[in-house]
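A structural walkthrough
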Amino acid sequence: MVFPRITIDPDKMAGVPCIRDLRTPVATIVAMVAEGMTEDEILAGHPDLEREDIREALRYAAEAVKERALPLKSA
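These figures come from a predicted structure and were not determined experimentally. Each chain carries its own residue numbering, running from 1 in the written order of its sequence. Two thresholds apply to this predicted model, a pLDDT of at least 70 for residue-level local features and 80 or more for giving and counting side-chain atom pairs, whereas whole-chain, interface and lining totals are computed over all residues. The basis for the side-chain values is all heavy atoms of the structure; hydrogens and waters are excluded.

Observations regarding the side chain of aspartate 53
Strands are runs of DSSP state E lasting at least 2 residues, helices are runs of H or I lasting at least 4, and numbering of each runs from the N terminus. In this structure, aspartate 53 sits in helix H3 (residues 51–66). Among the polar contacts made by the side chain of aspartate 53, one reaches the side chain of arginine 20 at a distance of 2.7 Å. Any two residues whose heavy atoms approach within 4.5 Å are treated as being in contact. Those residues within four positions of aspartate 53 in sequence are excluded, and the remaining contacts are Arg5, Ile19, Arg20 and Asp48. Here a polar contact is recorded for every N or O atom pair within 3.5 Å, except that within protein the pair must consist of a potential hydrogen donor and a potential acceptor, and residues adjacent in sequence are included only if both atoms are side-chain atoms.

Rendered as structure tokens:
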């Protein structure tokens, strides 16, 4: 899968995946969505972002989680 809006540059943000070299980490966007923020709220607070940036950040995160097993607490 290709993610043209996600950039990784070791010289920026310590190589953390970001949106279009904006220094906005994918993890920050995913966290805002997880906290219940709507796309409109995220865009209002981050005017450099575009709606497709949010959607691609979520797709990227979903693919990243598929790549490895995460430890989960037993019920």
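The rest of the description comes next.
Section: H3
Structurally, the α-helix is built with 3.6 residues per turn, so residues lying three or four positions apart point the same way. Each helix should span, by expectation, one fewer than its residue count multiplied by 1.5 Å. The end-to-end C-alpha separation of H3 is 24 Å, in line with the 22 Å expected for 16 residues at 1.5 Å each. Here H3 has its buried residues at Asp53, Ile54, Glu56, Ala57, Tyr60 and Ala61. Down the axis of H3, the sector holding all buried residues measures 165°, keeping them to one side. Summarising the contacts, the buried residues of H3 are in contact with strand S1 (6–7), strand S2 (18–19), helix H1 (26–34) and helix H2 (39–45). Exposed residues in this analysis have more than 50% of their type's maximum accessible area, buried residues have under 20%, and partly exposed residues fall in between, with area computed by a 1.4 Å probe over protein chains only. As used here, the arc belongs to the directions running from the helix axis to the C-beta atoms.

A short note on the pattern of salt bridges
Opposite charge on two side chains allows them to pair when their charged atoms are near. Any carboxyl oxygen of Asp or Glu within 4 Å of a side-chain nitrogen of Lys or Arg constitutes a salt bridge here. Counted according to the given criterion, the structure contains nine salt bridges. We note a salt bridge from aspartate 53 to arginine 5, for which the minimum N-O separation is 2.6 Å. Of this pair, aspartate 53 sits in helix H3 while arginine 5 is found in the segment before S1, placing the two residues 48 residues apart along the sequence. Comparing aspartate 53 with arginine 5 shows no difference in burial state: the two are buried. The partner of lysine 66 in a salt bridge is glutamate 63, and the shortest N-O contact between them spans 3.0 Å. Residue lysine 66 and its partner glutamate 63 are located together in helix H3, separated by three residues, close to a single helical turn. Taking the relative accessible area as the measure of exposure, glutamate 63 reaches 21% and is therefore partly exposed. Residues joined by salt bridges that share partners form a network here, namely Arg5, Arg20, Glu50 and Asp53.

A short note on the packing of aromatic side chains
Two rings from Phe, Tyr or Trp (for Trp, the six-membered ring) form a pair when their centres are within 6.5 Å of each other. A pair whose planes differ by under 30 degrees is stacked, one over 60 is edge-to-face, and the rest are tilted. Per the counting criterion, the structure on display carries one aromatic pair. Measuring from ring centre to ring centre gives 5.2 Å for phenylalanine 3 and tyrosine 60, while their planes differ by 85°; the resulting arrangement is edge-to-face. Residue phenylalanine 3 is located in the segment before S1, and its partner tyrosine 60 is located in helix H3; the two are separated by 57 residues in the primary sequence.

Interpretation in functional terms is not warranted from these geometric data alone.
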